[in-house]
Structures are given as structure tokens and as C-alpha cells.
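Below, each chain spelled out in residue letters.
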Amino acid sequence: MAAERKGKRRTVRTAAAAVLLGTALAATGSLDSRLTAGDGPIAAAEAAKLGAKAPSATTQQAEPMGKSARTSASRKPVAISALSDASFLQETGIAAAWKLLRRDVTGTIAIVDTGIDLKNAALQPYLTDGVNLLDDAKPPQDDNGHGTAVAGVIVAAAEAAKGANAEAAWKMKLMPVKALDDKGEGDESHLSGGIRYAIEHGADIVVLSLGLRRDAPGMRSVIDLAESKGVLLVAATGNDAADFGERAAVQYPAAYPTVIAVAGAQARQGQINSTGGPEVDLSASWQVDTLALGGGRLAMEGTSMAAPQVAVVVAMLRAAHPDWKPAFLRETLRRTAEDIGAKGRDDATGYGLVRTDRALSAALAADWREPNGAQRSASPFPPGTEVYSAWGGSLDTDWYAVEAHEDGILSVRMQTNLFDIGPAAVKLSLYRPGAAHPIAVHGTSGGAMTWKVSKGRYYLRADGSSRSSPLPYRLTSGFKMLPDRTEPGSDRDSAYAIEPRTQTWSGTFDRKDDEDWTTVKLPQAGTVKVTVETDTTRIDPAITLQRDGQAEVRTDTNGDGLPETATMKNAPAGRYYIGVSNAAADGAPPVIGTYTVRLEYITTYADLGEPNGGPLTSASLAPGAAGILKGLISSKEDADWFRFKTAGGRYEWKLDGIPEGSTFKLAVYSKELKLLGQWSSKAKNSSLNVLQKLAAGTYYARITADRADRSAYYRFGVMNAD
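Residues numbered from 1 in each chain as written. Predicted model: local features only at pLDDT ≥ 70, side-chain atom pairs only at ≥ 80, totals over all residues. Heavy atoms only, no water.

**Q** I keep staring at the overall build of the protein and nothing clicks. Help me out?
**A** Of regular secondary structure, the protein possesses 12 helices and 41 strands. Taken over 722 residues, the protein has a buried fraction of 57%. When contacts within the protein are restricted to residue pairs at least 6 apart in sequence, those whose partners lie at least 24 apart make up 78%. Taken as a whole, the protein presents about 29,500 Å² of accessible surface, with 50% of it coming from carbon and sulfur. (Helix = DSSP H or I, 4+ residues; strand = E, 2+ residues; numbered from the N terminus. Buried < 20%, exposed > 50% of the residue type's maximum accessible area, 1.4 Å probe, protein only. Contact = heavy atoms within 4.5 Å. Areas by Shrake-Rupley, 256 points an atom, 1.4 Å probe, with all protein chains shown as cover.)

**Q** Is there a simple way to think about the nonpolar core in this case?
**A** General note: in soluble globular proteins, nonpolar side chains tend to be found buried as a group. Core analysis: the largest hydrophobic core is formed by 71 residues, its most contacted members being Trp98, Trp170, Leu174, Val234, Val310 and Met316. Looking at which element gives the most residues to this core, the answer is helix α10 (residues 303-320), with 13 residues. Ignoring anything within four residues of it in the chain, the contact list for Leu174 reads Ile109, Ile111, Ile116, Tyr126, Leu127, Thr128, Ala151, Ile154 and Val155. (Core = buried A, V, L, I, M, F, W, Y, C linked by side-chain atoms within 4.5 Å.)

**Q** Help me out: how do you make sense of the environment of Asp513 in this one?
**A** Relative to the assigned elements, Asp513 resides in the loop between β25 (503-507) and β26 (515-522). Take Asp513: its relative accessible area is 33%, and that puts it in the partly exposed class. For the pair Asp513 and Ala588, spaced 75 residues apart in sequence, the C-alpha to C-alpha distance is 4.8 Å.

**Q** Would you take a moment to explain the sheet that holds β25 for this structure?
**A** Hydrogen bonds along the backbone pair up the strands of a sheet, which may run parallel or antiparallel. On the basis of which strands lie adjacent, the open sheet formed by four strands has the order β25-β32-β27-β30 and antiparallel pairing. Among the strands making up the open sheet, the edge pair consists of β25 and β30 (564-571). Geometrically, the sheet is characterised by an average inter-axis angle of 15° between neighbouring strands, direction not taken into account. (Pairing = 2+ DSSP bridges. Axes fitted to C-alpha atoms, helices over the stretch in contact; angles between N-to-C directions.)

**Q** Explain unusual backbone geometry here, please?
**A** For residues besides glycine, phi is generally negative; the peptide bonds are generally trans as well. In this chain, Tyr252 is followed by Pro253 through a cis amide linkage whose omega measures 15°. Mapped onto the elements of the fold, Pro253 is located in the loop between α9 (241-244) and β10 (259-266). A cis amide bond, omega 0°, links Glu370 with the succeeding residue Pro371. By the secondary structure assignment, Pro371 is in the loop between α12 (356-361) and β15 (379-380). Despite not being glycine, Leu673 shows a phi value in the positive range, around 65°. Inspection of the secondary structure assignment puts Leu673 in the loop between β37 (664-669) and β38 (675-680).

**Q** Explanation requested: α10 in the structure shown.
**A** Along an α-helix, residues three or four positions apart point the same way, because every turn accommodates 3.6 residues. Taking 1.5 Å of rise per residue, the 18 residues of α10 would be expected to cover 26 Å, and the 26 Å separating its terminal C-alpha atoms lies within 8% of that figure. Burial analysis of α10 places 17 of its 18 residues in the buried class, which makes it a mostly covered element. (Expected span 1.5 Å × (residues − 1).)

**Q** What is the right way to look at the side chain of Thr594 in this model?
**A** Following the sequence through the fold, Thr594 ends up in the loop between β31 (574-582) and β32 (595-603). Looking at Thr594, the relative accessible area reads 18%, which means it is buried. Not counting chain neighbours up to four residues away, the residues in contact with Thr594 comprise Glu406, Met481, Gly507, Thr508, Glu533, Thr534, Asp535 and Ile539.

**Q** Can you help me understand the environment of Arg554 in this one?
**A** Along the chain, Arg554 turns up in strand β29 (residues 553-555). Distance from Arg554 to Ile578, taken between C-alpha atoms, is 9.9 Å for residues 24 residues apart in sequence.

**Q** Please explain the sheet that holds strand β22 (residues 456-464) as it appears in this structure.
**A** The mixed open sheet is built from four strands, whose spatial order is β15-β17-β22-β19. Edge positions in the sheet fall to β15 and β19 (427-431), since each of these pairs with one other strand and no more. The sheet contact formed by β19 and β22 spans five bridges and is antiparallel. Bridge pairing in β22 links Ser429 to Arg461.

**Q** Sorry, what's going on with the packing of aromatic side chains here?
**A** A ring pair, where both rings are aromatic, is described by two values, the distance of the centres and the angle of the planes. The tally for this structure, following the rule as stated, stands at 16 aromatic pairs. With centroids separated by 5.1 Å and ring planes inclined at 55°, the aromatic side chains of Tyr252 and Tyr256 adopt a geometry described as tilted. Neither Tyr252 nor Tyr256 differs from the other in exposure class; each is buried. An angle of 25° between the planes, with centres 4.0 Å apart, marks the rings of Trp391 and Tyr473 as stacked. Here Trp391 is found in strand β16 (residues 386-391), whereas its partner Tyr473 is found in strand β23 (residues 471-481), with 82 residues between them in sequence. Here Trp391 matches Tyr473 in class, with each residue buried. Aromatic ring contacts, followed pair by pair, group Phe642, Phe644, Tyr651, Trp653 and Phe716 into a single cluster. (Phe/Tyr/Trp six-rings, centres within 6.5 Å; stacked < 30°, edge-to-face > 60°.)

**Q** What is the right way to read the packing of helix α7 (residues 188-200) against helix α8 (residues 217-228) from this model?
**A** Helix-helix packing: each pair is described by the crossing angle between the helix axes and the interaxial distance. Relative orientation of the contacting elements α7 and α8 amounts to 10°, with a least axis distance of 9 Å. On the basis of their axis angle, the class for α7 and α8 is roughly parallel. Judged by the sense of rotation from one axis to the other, the crossing of α7 with α8 is left-handed. Taken together, the residues of α8 that come into contact with α7 (itself represented by Glu188, Leu191, Ser192, Ile195, Arg196 and Ile199) are Gly218, Met219, Ser221, Val222, Ile223, Leu225 and Ala226. Its residues assigned to classes, the contact of α7 with α8 comprises eight nonpolar, three polar and two charged. (Parallel < 35°, antiparallel > 145°, perpendicular 65-115°, else oblique. Left-handed = near helix turned anticlockwise from the far one by under 90°. Nonpolar A, V, L, I, M, F, W, Y, C, P; charged D, E, K, R; others polar.)

**Q** It is not clear to me how the environment of Asn558 should be interpreted in this structure. Could you clarify?
**A** Here Asn558 is to be found in the loop between β29 and β30. Classification of Asn558 as partly exposed rests on a relative accessible area of 30%. Between the C-alpha atoms of Asn558 and Asp540, which are 18 residues apart in sequence, the distance is 7.7 Å. For Asn558, the side chain forms a polar contact with the main-chain oxygen of Pro563, separated by 2.6 Å. (Polar contact = N/O pair within 3.5 Å; in protein donor to acceptor, adjacent residues only side chain to side chain.)

**Q** I would appreciate a short explanation of the packing of α10 against helix α11 (residues 326-336) in the present structure.
**A** Interhelical geometry of α10 versus α11 gives an angle of 115° and a closest axis separation of 10 Å. In the packing of α10 onto α11, the handedness of the crossing is right-handed. In this structure, α10 contributes Val310, Val313, Val314, Leu317 and Arg318 to the contact, and α11 contributes Leu329, Thr332 and Leu333. A breakdown of the residues in the contact of α10 with α11 according to their chemical character gives six nonpolar, one polar and one charged.

Put into C-alpha cells, the structure is as follows:
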């Protein structure tokens, strides 16, 4: 890929690389009247939705559920205590959990977002110092509304302690980290930088109600830093499901194993707009009442609003068990979630609806997945997730069900206390269903064991023993696509040769900055049409077409998860190169997913009437349907001549099959080649019909066009109209 193309693409993509995952529904209280009308000063991303403005191809936003559910003439600020009746507090068990907590909730939650409304009296008591990463000379004041809404969810939960007359109090502070602009957009560097700032400035929990549709090395490293420092990250999965269906993939950073990925739930089931996938851990209320920028009450929806609910649960559980590591906290939330979707863990809601009351009532369970000592009782362990469990006794076996959605390389990394391993060695083995013997290990990578697998279900067996029961261990799974059939066709020189015919094939991006090139030699002129579709929003297909020795033509019109089509009409015979790449980012990382290419090679037709370039070689026409002749205009200078002999009468010249975009001209001459009339086809018309009275004799008809088109025949004839 040429450097200049990558640079141009970078400029476009970074403008909306990180986006909001929540949408305004309704507003009451101290709000500009324009907001309740649907086009007010809330987040540009949100207001665009309320104003029904179509999002650009590079934005990632959720559609609102409907019009404003409530409006109010009041313009007085609404106290945060007015949100004590918010339904999400009951649905997630937050209100009930305050009666169970005995220790104050302390520490810091960082909100990496559009900032927080620093002037909002309801929020001020909860705020601590933050940062504006877009302009360090300015405070992290929210100029969008999204970050304020996220903060309002947390503060509403904090205030619920007062209504419950709880023994404990919320003393945790909110750190505003402004990483997104007034449109709710930012880039990877600000997103990663925001997380890093939060870690380095004492945050215990980081809320990320935003996302990228792609992995990024810089973000991955800061996620690892958070885990090493004991900082727990909570992120929204995205709101793409309604638009993309099964192509919607959990966004990053929610897709990382150590980040709690939060989907949306409504009426105790998965919400249709919420993005699901194997990485989903939990779900929380999709729609909430929260605080608006400038004061007042606002109804919001989206996984943006679900994520801070889970952050509240983490904060309260952390207060109850201050010695628990992030992995313990995550496992407890999974274990105590209310199963609301398909039985067991599912991709729409994860382990279920987060339940604060259940989490605070639960004791530490080192191996809560038991009984899972056989394949039939195996616990779910999707690729891209983590398991924190324990072995007990001199010999223990745990089984996990792993679903591979594609052909590829499965990796599993195990971590445990090597000094506490019992007499039996720790061992991981992968089995096909019902198989007596394990699959051969493919290799090791980054401390993980790898296996080559096909699409389908597998069972992972984890054997171990402990000296002091139980012995905790942690498994982290990953997945990588296999190279496709065009490899190593990463450039024109190594392009994979294909036959010159219409065909379809699939491919993968199995390594960083992967490009897949094929080459075809056309034996004759024709139309080349290439269409690329993908099964995941993590791929933004781009097509490069190039004739050997000519400049390349790149097509990247649509956005993530959408198809691209490139067409080259009247392509002369010769060698051509077809390149397929992922335009999601410069140096795009490997992707779990596939793309499908359909190549259509439409060969040109031979002009059956040639030579008929003048009166002397004109083709003879006979009246009636049986006498219709086929022809084509092979060049802009081409002219097709026809002759017709009649005893006299009324006749209709019929010319149809005119190619789209072409203008045809019909001229009729006498035997002496005197022009008797000429007519042109109208725009967008594929036919031209002319009625003419002719005396006995011989006549000539001449057909020309403003452009060549060898992809289809036109048809010409003369009909008796008497």
C-alpha cells in the first residue's frame, strides 16, 4: 500500500476513531428548550440523532428508542436525589445492596469521556481533579453532555445510599478525563492517554463508555498496565447490533479479556441494539435516568449507560472486600449475575444482568464453576476471555467448552503459583467432542499453548493439584485466523494467480497490515467488477484495481463492516491486479473474521454484423421481428450501416438495448445517400422508435453512439406499420 494512500486514510479515520456509545432520549428540568425539541445542545453525536441527522460512515452511534418520553416546562436544576427512583437502581440491585454494605465506598473512578459538567451543583461534591487531554490549558469541562450523563449514573447510585439509610456512605471521587471533543469523537492516542493518565493519577476504576472497532497496540499495552497496577476497567460493548446484525463485533477496549465488557439489557433480556459477542461479560440496564449538561434530568440509552452501572457495583464490592484483586472482583460479578438470556452464558448478555445485592452477599468462591469435571458439565470459555478458578486437592480436573467461530489458531495462557503446585503436574489439553485423545499442540506463543482448530466446539481440560488447597489459576484465551489461500500474496510481485472467469473466494487478515493480492490475465476485453463483503465490523474493506503498467485505482467509499464494489468497464485484454486490504487503520492489526470477494468477468461481444461500416458493406434488413439484427458500437468512431428495400408504406424503425449511459443516433438515407432524417435517444432511455412513411425503393440506416460499449448488444429492425 502506498504511503500517500495510508496518510490520507489516517486523516479521515482518526476524526471518529473513538466514539460515544449512548443516545439521548428525553430531557426534563433545566435544559435548553431546543433539546426537548430534539436538536439541542447535548452531545453533537446525541443531538444529531435527536435531529434525525444521518451519521457519517465513520461514526458509531446507537439509534434512539423513540421520541422524548417526558418533557417539562421547569427550568430549575434538578437535585441528584430526584433520581433515587431511577429504575436501573432497582433492576441491578444497587438500591437493595446499600443495606448490605458495612464499609464506606472510597477511592477514585475515572471517567474517560467528553469531560464532566464541572458547574453542575449535583456533581460538584463528587468531583476530584482531572485533565483535559485535548487542551491542557483548559479544565475538563464537558461540552457535549455524554460524560456528564455517565457521571450522573454513578452519582445517582451514590445518592441512593442516603435513601436507604445505609450504614456505609459513598465517598469515592469522580475524576474527569476529557479525551473526546464536543462531537463525542477522539482518536486512539487520546483514548489510550486517558486511561494511562487515570492509572498514573490514582484511579481505582476506569469507566470507558466509548470504543474503537479495531484492536490497537497502544491501547493493548495500557490495558496490560492497568491490570499490573490493580486498576479495574469497565467498558461498553457498543450499539451496532441493529445496524449490522451478526456482523457487529464487541468494540475495544471492551473486547480485551481483562476489561469488563458490558452489554445492554431491557425487560430482562438482551437489547436488540446492544452489540453482543463472545467477549461480553455482563449486562446492565440499557435505558437510564441521569443528569444533563447544564442541570436537569435526562433519559439516556445505550451501552454507555450500562457501563457506569457495573462500575458502581465494582466500587461497592471493592469496598466490601478491599483485599480482593481485580480478577476476584470480575469473577464474583460473573458468578452472581442474574441469568436473563439463553440458559447459561450467552453472547447477548454474557453471564447475565449484573446484581449488586447478590455480589455483596456472596462469599469468595475459588472454584464456583464446579461441577465441571467432565465434558458434559464443561464451563463456557469463549476465545478472547479469561477464567479465574482453582484446583483443590492432590488431583483436580476442570473442563471448559471453547467455541471456535472460524478456522484458526486457539491460544490459552495459564498463570498460577508455581511454588504451590502439588504432586501432579499442571497440564492443559484440548479435545474434540467425545474424543479419547487430545489434539496435538501446535506450538507456544507468548507463554501460551496453541492449537490449530477448525470451526466448531472443543473442550479444554485443565489438570492440576495443590499443596495448600485451593490453588488459584487463571486462563486467558486468544484466537488468530489462519492465512487464506492467496498467501503469500501480500503484494503484486507475489500475487496469487486466478483464472479469468466469474468466481468467489474468501480471505482473512491474519497478520498486521495484511494485504491480499490476486492477479488475473484477461484473454479479451470485458468488464471487471469486484465486490468485497465482510462478516465483521472490525474490517473496513478497501479494493485496489490496477492494470499492469497503469496507475492503480483504490475504492474505499463505505465504512466498517460495509461492502465495497469496484468496476472497470471496457477493460482491454491484459494482466490485472486486485488488492484487498483492511482500511480500519494504518497498520491494521490481525482480525478475527473473514471477507468474501466476488469477481465478475463480463466478456465483451463480437460485432456479428461487421464489416458494415459503410453503405457498400451495409447489412440487409428484412421487415418484421424475424429480421431484427444485433450489433454493438466497438469504438467511439464506429458506425453501423443497414439497408432496406421496400415496395412502399408506413414503417417503424426500432432500436432498443441501448446501454445505460450511452446516447445513440439513428440517421436514415435515400438510395442516393440523401439524409431523410436523424434522431437521438433520450437520456435514461434504452430504446429509440421512429415512424416513417417510405416510397418504394432502397433506403439506408446509420447507427452511431457517443461512446463505445462492448458489454451488450443493441437490437435494430424495421416493422411494417400499415
